[in-house]
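# Residue-level structural notes
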Amino acid sequence: GAVVSQHPSWVICKSGTSVKIECRSLDFQATTMFWYRQFPKQSLMLMATSNEGSKATYEQGVEKDKFLINHASLTLSTLTVTSAHPEDSSFYICSARGQVAYGYTFGSGTRLTVV
Amino acid sequence: RKEVEQDPGPFNVPEGATVAFNCTYSNSASQSFFWYRQDCRKEPKLLMSVYSSGNEDGRFTAQLNRASQYISLLIRDSKLSDSATYLCVVSDGNKLVFGAGTILRVKS
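Model, not experiment: these values are computed from the prediction.

## Points about the overall build of chain B
Each helix and strand in chain B was counted, giving zero helices and 11 strands. Taken from N to C terminus, the helices and strands of chain B fall in the order β-β-β-β-β-β-β-β-β-β-β. Here chain B has a C-alpha radius of gyration of 13 Å; the compact-globule value for 108 residues is 13 Å, and the two agree. Split into buried and exposed, the 108 residues of chain B put 45% on the buried side. When the accessible surface of chain B is summed, it comes to about 5400 Å², and 47% of that surface belongs to carbon and sulfur atoms. With 13 positive and 11 negative side-chain charges, chain B shows a spacing of 4 Å between the two charge centroids.

Next comes the structure, spelled out in structure tokens:
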């Protein structure tokens, strides 16, 4: 079945630094990538949607200059959290959808802790 | 009002019990409906899609009422391994909107 590899699975960084999270579709072409954030005991909240080769569309309240999304190829999308602060500590998950596949394939998530 | 609302629980049930979860959604234009399961600190995994005609997958039965904008999940003969958070998910044809989840704890 479709697989999305997400790395790193967890990361601890210092306040003010940037962190890059990668999601790769291993056996299909991900035409659309969704990036979610989940705080403890809360729902997955969609941050942005990106289509290969296009600029990402951000949800209301999500700062596009802080959360940089790149979807330059059909198999790779990255989310960079710039100038991270402790309040950015969260669980970040990507989800990919291909041209043919109806379903959404999730990465395994990245637990970010900013200290 | 949240787009997808669920009772957060937790539901604490003994093994073998039958448990039902409910969910309501606000967007009447929603096209697809799902139940996902999420274990602690893991990504959500698709449990089943939900159809108006109702559908069953082993011990799991899902039902959709479009008129009431209501979705349900019934789990029969609960197992310890069913302990997880169950997420009600609705799609407008493009993006998924998640409920906050209902916690199920099955105890021996």
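Now that the structure has been shown, the text picks up again.
## What to know about the layout of surface pockets
Taken as a whole, the largest pocket holds about 690 Å³ of empty space. If you go around the largest pocket, you meet 26 residues; those closest to its centre are P40(A), K41(A), Q42(A), T85(B) and I103(B). Taken together, the elements giving at least two residues each to the lining of the largest pocket come down to β1 (4-6), β9 (84-91) and β11 (102-107) of chain B. Classifying every residue of the lining of the largest pocket by side-chain character gives 11 nonpolar, seven polar and eight charged. In this structure, the second largest pocket encloses a volume near 500 Å³. Together, 23 residues line the second largest pocket, and S43(A), L44(A), M45(A), L46(A) and F98(B) are the ones closest to its centre. Elements supplying a minimum of two residues to the lining of the second largest pocket: β4 (30-38) and β5 (45-51) of chain A together with β10 (96-98) of chain B.

## Remarks on the interface of chain B and chain A
Of the residues lining the interface, 17 residues belong to chain B; the matching set on chain A comes to 17 residues. Carbon and sulfur atoms supply 52% of the area buried between chain B and chain A, which totals about 1400 Å² over both sides. Here chain B is connected to chain A by one salt bridge. Inspection of the region where chain B meets chain A yields seven residue pairs in polar contact (both at pLDDT 80 or more).

## Details of the pairing of strand β3 (residues 19-25) of chain A
All names here are of chain A. Alternating positions in β3 separate cleanly, V19, I21, C23 and S25 being buried on one face and K20, E22 and R24 remaining unburied on the opposite face. Where strand β1 (residues 4-7) lies against β3, four bridges are found, and the strand directions are antiparallel. Looking across to β3, one finds that H7 is bridged to E22. With six bridges joining them, β3 and strand β8 (residues 76-81) adopt antiparallel strand pairing. Paired with I21 across the two strands is L79, which belongs to β8.

## As for the sheet that holds β3(A)
Strand pairing in a sheet relies on backbone hydrogen bonds, with the paired strands running either antiparallel or parallel. Residues and elements named next belong to chain A. Spatial ordering of the open sheet is given by β1-β3-β8-β7, a layout of four strands whose pairing is antiparallel. Taken across any chain shown, the strands that pair with only one partner, and hence form the sheet edges, are β1 and β7 (67-73). The average angle at which neighbouring strand axes cross in this sheet is 15 degrees, direction not considered.

## Things to note about empty space enclosed by the protein
Residues and elements named next belong to chain B. All told, the structure shown has one cavity of 30 Å³ or more when counted by the stated rule. A volume near 30 Å³ is recorded for the largest cavity. What lines the largest cavity is E3, V4, Y25, S26, N27, S30, V90 and V97. For the lining of the largest cavity, the residue count by class is four nonpolar, three polar and one charged.

About the cut-offs
- Residues numbered from 1 in each chain as written.
- Chains lettered and ligands numbered in written order.
- Predicted model: local features only at pLDDT ≥ 70, side-chain atom pairs only at ≥ 80, totals over all residues.
- Heavy atoms only, no water.
- Helix = DSSP H or I, 4+ residues; strand = E, 2+ residues; numbered from the N terminus.
- Rg over C-alpha atoms; globule rule 2.2 N^0.38 Å.
- Buried < 20%, exposed > 50% of the residue type's maximum accessible area, 1.4 Å probe, protein only.
- Areas by Shrake-Rupley, 256 points an atom, 1.4 Å probe, with all protein chains shown as cover.
- Lys, Arg positive; Asp, Glu negative; His and termini not counted.
- Charge placed at Lys NZ, Arg CZ, Asp CG, Glu CD.
- 1 Å grid on protein atoms, 1.4 Å probe; cavity = no way out; pocket = protein on both sides within 12 Å on 5 of 7 lines; lining within 4 Å.
- Points joined across faces, edges and corners; volume = space filled by probe spheres on them.
- Nonpolar A, V, L, I, M, F, W, Y, C, P; charged D, E, K, R; others polar.
- Contact = heavy atoms within 4.5 Å.
- Buried area = accessible area lost by both parts, 1.4 Å probe.
- Salt bridge = Lys/Arg side-chain N within 4 Å of Asp/Glu carboxyl O.
- Polar contact = N/O pair within 3.5 Å; in protein donor to acceptor, adjacent residues only side chain to side chain.
- Pairing = 2+ DSSP bridges.
- Axes fitted to C-alpha atoms, helices over the stretch in contact; angles between N-to-C directions.

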